[in-house]
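Reading the structure
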Amino acid sequence: DSGVTQTPKHLITATGQRVTLRCSPRSGDLSVYWYQQSLDQGLQFLIQYYNGEERAKGNILERFSAQQFPDLHSELNLSSLELGDSALYFCASSPALAGGRRDTGELFFGEGSRLTVL
Amino acid sequence: KNQVEQSPQSLIILEGKNCTLQCNYTVSPFSNLRWYKQDTGRGPVSLTIMTFSENTKSNGRYTATLDADTKQSSLHITASQLSDSASYICVVSRNSGYSTLTFGKGTMLLVSP
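Residues numbered from 1 in each chain as written. Chains lettered and ligands numbered in written order. Predicted model: local features only at pLDDT ≥ 70, side-chain atom pairs only at ≥ 80, totals over all residues. Heavy atoms only, no water.

On to the sheet that holds strand β1 (residues 5-7) of chain A. Residues and elements named next belong to chain A. Strand order across the open sheet formed by four strands is β1-β3-β8-β7, with antiparallel pairing between neighbours. Edge strands, defined here as strands with exactly one partner in the open sheet, are β1 and β7 (64-68). In this sheet, neighbouring strand axes are inclined to one another by 15 degrees on average, regardless of whether the strands run parallel or antiparallel. Bridge analysis of β7 against strand β8 (residues 74-78) gives five bridges, and the strand direction is antiparallel. Opposite Phe64, over in β8, you have Leu78 as the bridge partner. (Pairing = 2+ DSSP bridges. Helix = DSSP H or I, 4+ residues; strand = E, 2+ residues; numbered from the N terminus. Axes fitted to C-alpha atoms, helices over the stretch in contact; angles between N-to-C directions.)

Now for the state of the cysteines. Joining two cysteines, a disulfide is a covalent bond between their sulfur atoms. Residue and element names in this part refer to chain A. Applying the stated criterion to the full structure yields two disulfides over all chains. Note on cysteine connectivity: Cys23 is disulfide-linked to Cys91, with sulfurs 1.8 Å apart. The chirality of the disulfide connecting Cys23 with Cys91 is left-handed, given an S-S dihedral of about -55 degrees. Taken as a pair, Cys23 in strand β3 (residues 19-24) and Cys91 in strand β9 (residues 87-94) lie far apart in primary sequence, 68 residues in all. (Disulfide = S-S within 2.5 Å.)

Turning our eyes to something else, we now look at the layout of surface pockets. As a volume, the largest pocket reaches approximately 1,100 Å³. Here the residues of the lining of the largest pocket sort into 11 nonpolar, 22 polar and eight charged. If you go around the second largest pocket, you meet 16 residues; those closest to its centre are Asp1(A), Ser2(A), Phe109(A), Glu111(A) and Val45(B). Looking at the lining of the second largest pocket, the elements with two or more residues in it are β1 and β10 (108-109) of chain A together with β5 (45-51) of chain B. Among the elements that line the lining of the second largest pocket, the one with the most residues is β5(B), at three residues. Within the lining of the second largest pocket, the residues separate by chemical class into seven nonpolar, four polar and five charged. (1 Å grid on protein atoms, 1.4 Å probe; cavity = no way out; pocket = protein on both sides within 12 Å on 5 of 7 lines; lining within 4 Å. Points joined across faces, edges and corners; volume = space filled by probe spheres on them. Nonpolar A, V, L, I, M, F, W, Y, C, P; charged D, E, K, R; others polar.)

This part covers the nonpolar core. Ranked by internal contacts, the top residues of the largest apolar core, which has 23 residues, are Tyr25(B), Leu33(B), Trp35(B), Leu75(B), Tyr88(B) and Val92(B). Of all the elements in the fold, those that place two or more residues in this core are β3 (19-25), β4 (30-38), β5, β7 (62-67), β8 (72-77), β9 (86-94) and β11 (107-112) of chain B. Of all hydrophobic cores here, the second largest spans 20 residues; its members include Val19(A), Trp34(A), Leu46(A) and Tyr89(A). (Core = buried A, V, L, I, M, F, W, Y, C linked by side-chain atoms within 4.5 Å. Buried < 20%, exposed > 50% of the residue type's maximum accessible area, 1.4 Å probe, protein only.)

See below:
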């Protein structure tokens, strides 16, 4: 158990709908990362937050948005869903910014939320 | 461009055999390199983390090497077990004020009985 909790584990919805994925980082971790993994694909970085602030963006679509709340949990909002959005969405947390002065290299992944868009 | 290339893309070995997975990167400036194991449908789990000054690190039957001069890393698995069947992902972190991690696409390993 990595200590990172993601909900829901599975989600089935229809095209055009909107969903929210939730992530609770490990206790004390300030950084949260979101990744998308489509079938047989590598992990694609979406967005990173550090202590409530957005710090880096990857290949995140405009239909997607995220935020990190004061209690450090994070939500990833996916709207106007398309068939191609079906994927595993992973959240990861770490104590510090990756590559930053305090980076120990630790990154802990949740078990993912599997989104199926029909 | 910051990239991480892994080879082979997939590999099948017999149980009990050894194997070596490769990772080449162009990420700069370099902070650390990590190897993760990802079971199908599960979250990646860290195997090793190496900084610039480390050239070998072991975790049980897993041994990672790093050559920062040539920007290459390898993950050696000894006496493979069926449970080693998974995707192995190489991840490189840049040393900057804030940064993203650069992920390789992974090597899919299948250990056959």
